[in-house]
Amino acid sequence: MTHILHFIGAALGCGTKKPETLEGPEALYHTPFLKQLNNLGYVTSWEDTIVEHNPNKIQAGTLESLSVVHDFNHRLAHTVDDSLEQSAFPIVIGGDHSVAIGTWSGVIHHLNAEGEFGLIWLDAHMDSHTPQTTPSNCIHGMPLATLLGHGEEELTHLISPKAKLNPKHVVLIGVRSFEEGEQKLLENLNVRIMFQKEVHQRGFQACFDEALEIAQKGTKGFGVTLDLDMFDPRFAPGVGVPETDGALPTETLPALQGLIQNPNFKAFEVVELNPTLDRDDITLTLLQDIIASVLQKS
Ligand SMILES: NC(=[NH2+])NCCC[C@H](N)C(=O)O
């Protein structure tokens, strides 16, 4: 199967107190990575970069930035939808993790799969706060709750007035930092959470295999959203909210290898690259290695 890959930059930073995540897509854009993928037999294009519109200079990492995040995600969702309409495979490059609201709302809307889409959330955090439970007021701590239908209607009802995800098709892997409010929400919803401790015990491959089952059973397709802070900070220093004792690339990348060949896999997203915090492009290089693994044909 020939895949047309659409890279979509999601240059958003106002969901976090360290808004330089909006420089993430640009950092990848300026590497020869896409050219190298064309040599691998892919038809690749950098489709678009969605940029943040913040005319009133609202401070990043506050609840007031909700309108900026809404406007941004509305445009992102339509871009992702268009991409799928052209039978391409969207690869979204963030941006802070609140871009997930736009990416997955767009994919799910396109597939007409509200409540019938699987999402694998690879992250050190749960990102499942609502404006009522958030300790930081940062919207990048809320995207999963939003997609599950909890939070401000402006975001939960993006594109269509329905919850995008059914908790039974969602799984988190790598969690090791969270607060009570978000934990309660996910536990009440019975979402499968694989804490990093479980990953250490069972190995990433076994966890990911189980996640694939959960995300594909009874769904119209699935996606993967990967927050670079899932990794141990030694391997991904360029993120805003690093957490020690994270995943190892040597264990994670082989499990993602060739995922593109699964016909149920509809889109991929990598978020939270903050180039100003990176060292020697370690995180930028890891991001490319991750995508290359997913795209590796056997
Ligand atoms: N996408 C992220 N890096 N999220 C980190 C969230 C950290 C913390 N739980 C908060 O709500 O502020």
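Look up a bit, the structure's there.
Quick caveat, the model's predicted, so the values are computed rather than measured.

Chemist: What exactly am I supposed to notice about the packing of aromatic side chains here?
Modeler: Note on aromatic pairs: each is described by the distance of the centres and the angle between the planes. Under the defined criterion, the tally for this structure stands at nine aromatic pairs. Centre to centre, the rings of Phe-222 and Phe-265 are 5.3 Å apart; their planes meet at 25°, and the pair counts as stacked. One end of the pair, Phe-222, is in strand β7 (residues 222–227); the other, Phe-265, is in strand β8 (residues 265–271), with 43 residues separating them in the sequence. Phe-265 carries the same exposure label as Phe-222, and that label is buried. Through pairs of rings, three or more aromatic residues link up here, namely Phe-7, Tyr-29, Phe-33 and Trp-46. Across the ring face of Tyr-42, the terminal group of Lys-297 is positioned such that the distance to the ring centre comes to 4.1 Å.

Chemist: Even after reading the chapter, I still don't get the pattern of salt bridges, so can you show me in this structure?
Modeler: If you walk through the whole model with that rule in mind, you get eight salt bridges. In this structure, Glu-180 and Lys-184 form a salt bridge, with 3.0 Å as the shortest nitrogen-oxygen distance. Of this pair, Glu-180 and Lys-184 are both found in helix α7 (residues 180–188), four residues apart, which corresponds to roughly one turn of the helix. Arg-192 serves as the salt-bridge partner of Glu-210, at 2.8 Å between the closest nitrogen and oxygen. Of this pair, Glu-210 sits in helix α9 (residues 204–216) while Arg-192 is found in strand β6 (residues 192–195), placing the two residues 18 residues apart along the sequence. Through salt bridges with shared partners, one network takes in Arg-192, Glu-198, Arg-202 and Glu-210.

Chemist: Would you take a moment to explain helix α4 (residues 99–111) for this structure?
Modeler: Taking 1.5 Å as the rise per residue, α4 with 13 residues should run 18 Å; its terminal C-alpha atoms sit 19 Å apart, in good agreement. Across the 13 residues of α4, ten count as buried, placing the element largely inside the fold. Those residues of α4 that sit buried are Val-99, Ala-100, Ile-101, Gly-102, Thr-103, Trp-104, Ser-105, Gly-106, Val-107 and Ile-108.

Reading the values: the criteria
- Residues numbered from 1 in each chain as written.
- Predicted model: local features only at pLDDT ≥ 70, side-chain atom pairs only at ≥ 80, totals over all residues.
- Heavy atoms only, no water.
- Phe/Tyr/Trp six-rings, centres within 6.5 Å; stacked < 30°, edge-to-face > 60°.
- Helix = DSSP H or I, 4+ residues; strand = E, 2+ residues; numbered from the N terminus.
- Buried < 20%, exposed > 50% of the residue type's maximum accessible area, 1.4 Å probe, protein only.
- Lys NZ or Arg CZ within 6 Å of the ring centre and 35° of its normal.
- Salt bridge = Lys/Arg side-chain N within 4 Å of Asp/Glu carboxyl O.
- Expected span 1.5 Å × (residues − 1).

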